[in-house]
Amino acid sequence: MPIFWRDQMSIQNDLLDQDHRYLFCLVNSIELSLKHADLAATVLVFKQLMDYSVLHFTREEKVQIKIKYPAKDLHRGRHEEIIKSLSRFHTELGFYERRREEGLFFTEAEDAMGERLLKLLHDWIVEHVLTEDRKMEPLLKQFPKSFQ
Ligand SMILES: [Fe+2]
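How each quantity is defined
Residues numbered from 1 in each chain as written. Predicted model: local features only at pLDDT ≥ 70, side-chain atom pairs only at ≥ 80, totals over all residues. Heavy atoms only, no water. Helix = DSSP H or I, 4+ residues; strand = E, 2+ residues; numbered from the N terminus. Contact = heavy atoms within 4.5 Å. Phe/Tyr/Trp six-rings, centres within 6.5 Å; stacked < 30°, edge-to-face > 60°. Buried < 20%, exposed > 50% of the residue type's maximum accessible area, 1.4 Å probe, protein only. Core = buried A, V, L, I, M, F, W, Y, C linked by side-chain atoms within 4.5 Å. Donors = N, O, S within 2.8 Å, 3.2 Å for Na, K, Ca; no water. Expected span 1.5 Å × (residues − 1). Axes fitted to C-alpha atoms, helices over the stretch in contact; angles between N-to-C directions. Parallel < 35°, antiparallel > 145°, perpendicular 65-115°, else oblique. Left-handed = near helix turned anticlockwise from the far one by under 90°. Nonpolar A, V, L, I, M, F, W, Y, C, P; charged D, E, K, R; others polar.

**Q** Whenever I open this one, the side chain of T42 confuses me. Can you help?
**A** Note on placement: T42 falls in helix α2 (residues 39–66). With near-sequence residues (within four places) excluded, T42 lies in contact with I30, S33, L34, L93 and L117.

**Q** Explanation requested: the packing of aromatic side chains in the structure shown.
**A** In this description, a pair of aromatic rings is defined by centroid distance and the angle of the planes. As enumerated under the stated definition, the model contains four aromatic pairs in all. Taking 5.9 Å as the distance between ring centres and 55° as the angle between the ring planes, the aromatic pair formed by W5 and F24 counts as tilted. Taken as a pair, W5 in the segment before α1 (14–35) and F24 in helix α1 lie far apart in primary sequence, 19 residues in all. Ring centres of Y22 and Y52 lie 4.7 Å apart, and the angle between their planes is 75°; this geometry places the pair in the edge-to-face category. Taken together, the positions of Y22 in helix α1 and Y52 in helix α2 put the pair 30 residues apart, joining distant regions of the chain. For Y22, a relative accessible area of 35% gives the class partly exposed. Judged by its relative accessible area of 17%, Y52 is buried.

**Q** Looking at this structure, I do not really get unusual backbone geometry. What am I missing?
**A** Negative phi values dominate among residues other than glycine, just as trans dominates among peptide bonds. Of note, Q12 is a non-glycine position whose phi angle comes to about 65°, a positive value. Despite not being glycine, K68 shows a phi value in the positive range, around 55°. Mapped onto the secondary structure, K68 falls in the loop between α2 and α3 (72–101).

**Q** Could you clarify how one ought to interpret the nonpolar core in this entry?
**A** In a soluble, globular protein the nonpolar side chains are often hidden away together inside. Of all hydrophobic cores here, the largest spans 27 residues; its most connected members are F46, L49, L121 and W124. Elements represented by at least two residues in this core include exactly α1, α2, α3 and α4 (107–132). Sort the elements by how many residues they give to this core and α2 lands first, with eight residues. L121 has contacts with V27, I30, L49 and L86, leaving out every residue within four places of it along the chain. I11, V63, I67 and F147 belong to the second largest nonpolar core, which has eight residues in total.

**Q** Help me understand the coordination of the iron ion, please; the structure alone is not making it clear to me.
**A** Note on metal sites: the ideal angle is 109.5 degrees for four tetrahedral donors, and 90 or 180 degrees for six octahedral donors. Bound to the iron ion are the protein donor atoms E60 (OE), H75 (NE2), H79 (NE2), H128 (NE2) and D133 (OD), situated 1.9 to 2.3 Å from the metal. When the donor residues of the iron ion are listed from N- to C-terminus, their spacing reads E-x14-H-x3-H-x48-H-x4-D. One end of the pair, E60, is in helix α2; the other, D133, is in the loop between α4 and α5 (137–140), with 73 residues separating them in the sequence.

**Q** Would you mind going over α2 with me for this structure?
**A** In an α-helix, one full turn covers 3.6 residues, which means residues spaced three or four apart are oriented alike. For α2, built from 28 residues, the straight-helix expectation of 40 Å at 1.5 Å per residue is met to within 8% by its first-to-last C-alpha distance of 40 Å. At the C-terminal side of α2, K68 shows a positive phi close to 55°.

**Q** When you look at the environment of E102 in this model, what are you seeing that I'm missing?
**A** Among the structural elements, E102 can be located in the loop between α3 and α4. In this structure E102 comes out as exposed when scored by relative accessible area, which is 51%. A sequence separation of 13 residues divides E102 from F89, and the C-alpha atoms of the two residues are 20 Å apart.

**Q** What should I look at first to understand the packing of α1 against α2 in this one?
**A** Working note: a packed helix pair is described by the angle between its axes plus the distance between those axes. For the pair α1 and α2, interaxial distance at closest approach is 10 Å and the crossing angle is 160°. Judged by the angle between their axes, α1 and α2 are roughly antiparallel. Between α1 and α2 the crossing geometry is left-handed. Together, L15, L16, D19, H20, Y22, L23, L26, V27, S29, I30, S33 and L34 of α1 and A41, T42, V45, F46, Q48, L49, Y52, S53, H56, R59, E60 and V63 of α2 make up the contact between the two elements. Grouping the constituent residues of the contact of α1 with α2 by class yields 14 nonpolar, seven polar and three charged.

Structural data, given as C-alpha cells:
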C-alpha cells in the first residue's frame, strides 16, 4: 500500500517534514517497481533512497543537537541500524541484478526479497518517521518551522 502524506504526520519542522515526504515518495516508487518486477528501477530508486536517508539523517541529527533533543544519541543509533539494514539489502539487490545480467532469473526468491524489502521500508516509515521522529514534535514546536 502506498503511503500518503497527511498534515498530522508533520513534526513542525519544514526541512524534516519535506525530507520525510520525499522519503515516502521513494518508498512508494520502490513498491511500484517491485509490483512491475522492474528490478533495474528497484535498484536505481533504492540507491536514491539510501543516499537520501544518509543525507536526511545527518540533517536530522544536526537539528537534534541544536535543539538539545534529550534522546539524540539513542536516535542516532537507530539511524545507524537503518543504514546497516539498507546496505545489506543493497548488496542483495546487486546479487540479483548481476544474475539477471547473466540471464538468470530467480522469480520466487526475488518476490520474497521484494516482500522483505517492503516490510523493512514500511516498518521503518511507520516505526521511525511516524513514531520515533514524532517524539521531537513537542520540542520542535518551540522553534520556528523554518528552523535548520
Ligand atoms: Fe529519525
